[in-house]
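# Structural overview for review
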Amino acid sequence: MDRALKLAVRAFDTDEVPVGCIIVYDNKIIGQGYNQCESLNDATAHAEMIAITAASSTLDTWRLNECAIYVTKEPCSMCAGAIVNSRIEKLYFGCYDEELGACGSKFEICGNPNATMPSVVKGGILEDKSLSLIQEYFSTKRKEK
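So, a few notes on the structure that sits alongside this text.

Cut-offs used in this document
- Residues numbered from 1 in each chain as written.
- Predicted model: local features only at pLDDT ≥ 70, side-chain atom pairs only at ≥ 80, totals over all residues.
- Heavy atoms only, no water.
- Buried < 20%, exposed > 50% of the residue type's maximum accessible area, 1.4 Å probe, protein only.
- Helix = DSSP H or I, 4+ residues; strand = E, 2+ residues; numbered from the N terminus.
- Pairing = 2+ DSSP bridges.
- Right-handed = clockwise from strand over helix to strand, strands pointing away.
- 1 Å grid on protein atoms, 1.4 Å probe; cavity = no way out; pocket = protein on both sides within 12 Å on 5 of 7 lines; lining within 4 Å.
- Points joined across faces, edges and corners; volume = space filled by probe spheres on them.
- Nonpolar A, V, L, I, M, F, W, Y, C, P; charged D, E, K, R; others polar.
- Contact = heavy atoms within 4.5 Å.
- Salt bridge = Lys/Arg side-chain N within 4 Å of Asp/Glu carboxyl O.

Below, the discussion takes up the pairing of strand β3 (residues 67–73). The buried count for β3 comes to six of seven residues, which makes it a mostly enclosed element. Where strand β1 (residues 20–25) meets β3, five bridges bridge the pair, whose relative direction is antiparallel. Residue C21 lies in a different strand from β3, and its bridge partner there is V71. Bridge analysis of β3 against strand β4 (residues 90–95) gives five bridges, and the strand direction is parallel. In the sheet register, I69 faces β4, and the bridge partner there is L91. The β-α-β motif built from β3, the intervening helix α4 (residues 77–85) and the parallel element β4 has right-handed crossover chirality.

What follows is about the layout of surface pockets. For the largest pocket, the calculated volume is near 580 Å³. Lining the largest pocket are 24 residues; nearest its centre among them are V17, K73, D97, I134 and F138. At the level of secondary structure, the elements contributing two or more residues to the lining of the largest pocket comprise α2 (37–40) and α5 (127–144). Sort the elements by how many residues they give to the lining of the largest pocket and α5 lands first, with five residues. Its residues assigned to classes, the lining of the largest pocket shows 12 nonpolar, three polar and nine charged.

Turning our attention to the side chain of E48. Among the secondary structure elements, E48 is positioned in helix α3 (residues 47–59). Those residues within four positions of E48 in sequence are excluded, and the remaining contacts are C21, I69, V71, K73, P75 and C79.

This brings us to the pattern of salt bridges. Taken as a whole and judged by the stated rule, the model has two salt bridges. The shortest N-O distance in the salt bridge between D26 and K28 comes to 3.9 Å. Under the relative-accessibility criterion, K28 is labelled exposed at 52%. Of the charged contacts, one joins K73 and D97 as a salt bridge, the two residues approaching to 2.9 Å between their closest N and O atoms. Of this pair, K73 sits in strand β3 while D97 sits in the loop between β4 and β5 (120–122), and the two are 24 residues apart along the sequence. In this pair, the class of K73 matches that of D97, namely buried.

Written out as structure tokens, the structure is:
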């Protein structure tokens, strides 16, 4: 999660919503990403989507069986769907997202008992660090207006 937080700081430094993500397979980082929606003018350029694409490229398959994803904020419905569709087995995230979270807060996509993946969903990991970074980002944005 520390590496994902460093990526979130990179997003913050490039004026993006500070979310970072890594994907691990066999104790190695095989994909990583941070939010780049603004810089790429792409609504789908979330940290998770970029990390999933990188991990799939590394393993040369879209099936990310036996992988774990670590993300600093609870995934949205788009990212949660991609996590399930790519067959990632474990999801660990930092802060909860009461407005758009799709892994227990607002919706239940990843932890849905009718879904097959991921089998493990755990939130609140380094939650204070993840949340404070997001709060600082949006506080700064409000002051700019």
